[in-house]
Amino acid sequence: MPDTIGDRLRKARKRVGLSQRDLARESGVSYSLITKIEQGERQDARLETLHRLARVLDTTTSALVAGDASQGPGIPAAAPTAQWDGVRAALADTATDVAEAPTVRGVQAAVDAVTQGYRGGNFTELATLLPALIRDTHALADFAPEGAALRMRALTMTGRLLTQTRQYDLAEQALDRALRHAPDTRHAVASAPAPDEARELLDRLGAELLDADAFLFAVPMYNWNVPAQVKTWLDLILNHPRLGVHGDWPLKGKPAVLVLSRGGGYGPGTPKEGWDYATPYLRRILAEVFGLDLHVAEAELTHAFWNPEMAELRGLAEESLRVGHEQAAEHGLRVARLCRA
Ligand SMILES: Cc1cc2nc3c(=O)[nH]c(=O)nc-3n(C[C@H](O)[C@H](O)[C@H](O)COP(=O)(O)O)c2cc1C
């Protein structure tokens, strides 16, 4: 069984019948770096580099980083601390001198891809990708202003993820480091926009809704309600002259799917029945204020997949996820048919 990144790279390269020089030419990664990785001289290739290699080799970046271990289905039942050793090492590593300089585009793409992985809940894969991402964003922040904001995103996502998997000491390190670098991202922190900017923002956000034929809203529950960002967005949109309460209902009857996820459970008879303020609020706004033709797909008890204290609820969580997927597929088909008609 190949177990180093070099072994995996060589195996993937041979599988598609490329020489090291072919691979270098097609991926744009230097021949010398490819040979060094394959010979085990470099274990810390940039995520961006691995992504370029993976594309040519018709495999995934995480398969190169972690092999089969990265293919696990989502959240492990009890995340072993050792799984996060790579993240621990990357958080401690503050070196920024690198053989291959990362690019803003490459790192941006890597941050977006890892954010997708985060949303998909594949924690095993994230544990393998985050160390390289933390190093890449740190190196980039050293010479590109955009790097500071990307580093902030990578570190706060790492902190959130580690909090959810109860690796609190590491989460603190990640968030601490994000805070330490916060002054670098001053320009990216939103302050109250000036009136002209606010109007422009409202026009832009409103146009996004007015131009759409169908809608997908994906909203997790945060502290028994919608996330503050969603509330802020709605507060803005409801000021729009056409979309707000005094508007002319331009979205009336358009198809919309609302996808909801909740870490806990709030059904009838549960201890927290009635604590879900997110779902009724969103239904009210989307269906009654905007007048959308709203269909809901929801999954709850999502934290049962990783939280040992909720282990006995895993069966219910699986059932909820199954129903949620069915609802999503049904609504998705419906919207697609309507849009095609
Ligand atoms: C800041 C925060 C607050 C949360 N509060 C709740 C909550 O009050 N009730 C709940 O059921 N789940 C709560 N959750 C869990 C999310 O609803 C759950 O993780 C969701 O399935 C996925 O969203 P995520 O991918 O952003 O974590 C919270 C999560 C976060 C990050």
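Residues numbered from 1 in each chain as written. Predicted model: local features only at pLDDT ≥ 70, side-chain atom pairs only at ≥ 80, totals over all residues.

The name an unreviewed UniProt entry assigns to the protein is NAD(P)H-dependent oxidoreductase, from the organism Streptomyces litchfieldiae.

(A) Quick peek at the overall build of the protein. Each helix and strand counted, the protein has 14 helices and 3 strands in total. Its C-alpha atoms give the protein principal-axis dimensions of roughly 65 × 50 × 45 Å. Going through the 341 residues of the protein one by one, you find that 32% of them count as buried. Put simply, of all contacts in the protein between residues at least 6 apart along the chain, 70% involve residues at least 24 apart. (Helix = DSSP H or I, 4+ residues; strand = E, 2+ residues; numbered from the N terminus. Buried ≥ 20, exposed ≤ 12 C-beta atoms within 10 Å, placed from the backbone. Contact = placed C-beta atoms within 7 Å.)

(B) Examining the site of the ligand more closely. Taken together, R119, R160, P220, M221, Y222, N223, W224, S261, R262, G263, G264 and T302 are the residues near the ligand. Classifying every residue of the shell around the ligand gives 4 nonpolar, 5 polar and 3 charged. (Near = placed C-beta within 6 Å. Nonpolar A, V, L, I, M, F, W, Y, C, P; charged D, E, K, R; others polar.)

(C) Region of the structure containing unusual backbone geometry. Positive phi, close to 55 degrees, is recorded for W249, a residue that is not glycine. Along the chain, W249 turns up in the loop between helix 12 (228–237) and strand 2 (255–261). Phi angles above zero are rare outside glycine, and L301 is one such case at about 60 degrees. If you trace the backbone, L301 turns up in the loop between strand 3 (293–299) and helix 14 (314–340).

(D) Geometry of the domain arrangement of the protein. If you check the domain split of the protein, you get domain 1 (5–186) and domain 2 (195–340). For domain 1 and domain 2, the distance between their C-alpha centres works out to 31 Å. (Domains from an automatic or database assignment.)

(E) Looking closely at the environment of L260. Of note, L260 is situated in strand 2. Leaving out residues up to four positions away in the same chain, L260 has contacts with V219, A278, T279, V296 and E298.

(F) How the structure looks around the nonpolar core. L53, L64, L129, L130 and L133 are the most contacted members of the largest nonpolar core, which has 46 residues in total. With 11 residues, helix 8 (residues 123–141) is the largest single contributor of residues to this core. Residues M221, A256, L260 and L292 belong to the second largest nonpolar core, which totals 16 residues. (Core = buried A, V, L, I, M, F, W, Y, C linked by C-beta atoms within 7 Å.)

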